[in-house]
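Breakdown of the fold
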Amino acid sequence: MSHVAADRYAWAEPEVEDLGGGVYRIPLPLPLDGLRAVNVYAITDDGGVDLIDAGMALVPARERLTAALRQIGYELGDIRNFFVTHMHIDHYSLAVELRKNFRSVISLGEGERANLIATRELINGSHTRNKIFGSESLRRLGAPGLADELSELDGRPAIVDWEDPDRWLADGTDLELRTRTLRAVHTPGHTRGHLIFHDAAAQIMFAGDHVLPHITPSIGFEPAGNRMALRDYLSSLARTLALPDARLLPAHGPVTDSTHERVNELLAHHDVRLAEIHQAVLAGHATPYEVAKAIKWTRRQRLFGDLDLFSQVMSINETAAHLEVLAIQGQVTREVSADGADTYQAAPLAS
Ligand SMILES: [Zn+2]
C-alpha cells in the first residue's frame, strides 16, 4: 500500500481520538469492502456517556467499543443515550443489541419510521424472493437481469432485530446534554429520516453520512425508497450551508475543519454529475440502467461493468435520482416503457 493510500485510511485505525471538551472519536470495524469503519462519537461527563451512532451489531465492533470506552474510563453500561443519525445497519444495529443488556435509550429521526417498517416487512413478510431492498425497483429502473441476480443470492439471514427506537426525534429538537446542547437537524437524502446533530456553541457538527470528507454519500439507498432523494439531498446540503460553519465530525473518514467547505465540494460534484447524465440522455441512453452503464464511477473513473453487484445496484439508484432532478429542472422528461421501465428523453428545447 502506498503512503497516500495508508494515510487515506489512517482514520479507520482502532484508536481513540480525543477531540477536546470530553468528545472522543471511536472508529469501529465494518465487514464492508468500501467502508472500513464507522465512527461513533462519545460525549462524556462525570456521570456517563452519550454516543452519536452505535456501529454494527457484530462481535468485533462490540469488543472494540468496550475496549475504547474502558480506555477513557467507562463501561458499556455507562452509555445513557444513543443518538443515531439514520437507520442504516452500520449506524443503528449495535444500539439495538446493547439495549437488550443495558438501559440505554435510543433516539432516531422520526423520518426513519417508514424505513424500519419497510425493513421488517422485507425480512418477515411475504416478499421471500426479495430479501434485499432495492431489487424490486430494479425492474422499473430498466435492469430486470440484475434483479434476478440479486434474487438468486441467498436471502441474507436477518442478523439484527430491527426494533423501533425508544424515542423518535423531530426536526429542530434540542437535546440538552450535561455538557452541551445538540440540535437535531433533519437532513433527508442519504436516507429520508437522516439527522445531523449540531452543537453551535462548540462549533462542531456530528454529520452522520450526510457530509463525508472523502466520498460522496449514497442517495436514497433505503428500504422505503425515495424517488426524490437527490432533490431532498441537495436541499439538505443548502440547509447545512445556512447553519454556521462547524468542524465536520463524519461517520466515515477523518474529522476536518469545515463542514461548509465539503458541502460546497459535494454541490459541485452533483452539478458535474447532472451534466454528465444529461449528456448521456442526449446521446440516447434512456433507462437509469442504460445511463449508469454509459458513465464512469467512483473517483477512479471505473466502468460500470467492473463494479460488484451491490455497487451496480447503488449506481443505478444514484443515476435514477439524478435523472429525477433533471426532470424537475425541465431538462428531461420521463415516460414508462411497455415493459414498465422508466425511460428519459431530452426535453424539447424551450424557445
Ligand atoms: Zn448510511
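Higher on the page you've got the structure.
I will try to describe carefully the structure that is included in this document. Everything numeric in this text was worked out from a predicted model, so none of it was measured. (Residues numbered from 1 in each chain as written. Predicted model: local features only at pLDDT ≥ 70, side-chain atom pairs only at ≥ 80, totals over all residues. Heavy atoms only, no water.)

**Focus: the sheet that holds strand S5 (residues 79–84)**
Strand order across the open sheet formed by seven strands is S1-S2-S3-S4-S5-S6-S7, with mixed pairing between neighbours. Looking along the sheet, the strands with just one partner apiece sit at the ends: strand S1 (17–20) and strand S7 (167–169). The mean angle between the axes of side-by-side strands here comes to 25 degrees, regardless of whether they run parallel or antiparallel. In this sheet, S5 lies alongside strand S4 (residues 48–52) in parallel orientation, the contact comprising four bridges. Each residue of the ladder has a partner; that of Val49, found in S5, is Ile79. (Pairing = 2+ DSSP bridges. Helix = DSSP H or I, 4+ residues; strand = E, 2+ residues; numbered from the N terminus. Axes fitted to C-alpha atoms, helices over the stretch in contact; angles between N-to-C directions.)

**Thoughts on helix H7 (residues 229–242)**
Taking 1.5 Å of rise per residue, 14 residues should cover 20 Å, and H7 covers 20 Å from first to last C-alpha, within 8% of that figure. When we look at burial in H7, the residues that qualify are Ala229, Leu230, Asp232, Tyr233, Ser236, Leu237 and Thr240. For H7, the arc enclosing every buried residue in end-on projection is 155 degrees, short of the 170-degree limit, so these residues lie on one face. As for H7, its buried residues are in contact with strand S10 (195–199), strand S11 (204–208), helix H8 (259–282) and helix H10 (309–328). (Expected span 1.5 Å × (residues − 1). Buried < 20%, exposed > 50% of the residue type's maximum accessible area, 1.4 Å probe, protein only. Arc of directions from axis to C-beta. Contact = heavy atoms within 4.5 Å.)

**A look at the coordination of the zinc ion**
Protein coordination at the zinc ion: the donors are His86 (NE2), His88 (ND1), His190 (NE2) and Asp209 (OD), at 2.1 to 2.3 Å from the metal. The coordination sphere of the zinc ion comprises four donor atoms, whose angles at the metal cover 89 to 172 degrees; the geometry is irregular. Between consecutive donors of the zinc ion, the numbers of intervening residues give the motif H-x1-H-x101-H-x18-D. Of the two residues, His88 is situated in the loop between S5 and helix H3 (89–99) and His190 in the loop between strand S9 (181–186) and S10; the sequence distance between them amounts to 102 residues. For the pair His88 and His190, a shared accessibility class is recorded, and that class is buried. (Donors = N, O, S within 2.8 Å, 3.2 Å for Na, K, Ca; no water. Tetrahedral: all angles 85-135°; square planar, octahedral: opposite > 155°, others 65-115°.)

**Brief notes about the sheet that holds strand S12 (residues 247–250)**
The strands making up a sheet associate through backbone hydrogen bonding, with each pair oriented either parallel or antiparallel. Strands sit in the order S8-S9-S10-S11-S12 across an open sheet of five strands; the sheet is mixed. If you trace the sheet from one side to the other, it starts and ends with strand S8 (174–176) and S12, each paired once. Pairs of neighbouring strands in the sheet enclose a mean axial angle of 25 degrees, with direction left out of account. Where S8 lies against S9, three bridges are found, and the strand directions are antiparallel. Bridged to Glu176 within S9 is Thr181.

**Quick look at the packing of aromatic side chains**
Enumeration according to the criterion identifies four aromatic pairs in this entry. Centre to centre, the rings of Tyr41 and Phe206 are 5.5 Å apart; their planes meet at 65 degrees, and the pair counts as edge-to-face. Of this pair, Tyr41 sits in strand S3 (residues 37–45) while Phe206 sits in strand S11; the two residues are 165 residues apart in sequence, bridging distant segments of the chain. An identical accessibility class is assigned to Tyr41 and Phe206; each is buried. Ring geometry for Tyr92 and Trp162: centres 6.4 Å apart, planes at 20 degrees, overall stacked. Of this pair, Tyr92 sits in helix H3 while Trp162 sits in the loop between helix H6 (144–152) and S7, and the two are 70 residues apart along the sequence. The residues Tyr92 and Trp162 share a single accessibility class, namely buried. (Phe/Tyr/Trp six-rings, centres within 6.5 Å; stacked < 30°, edge-to-face > 60°.)

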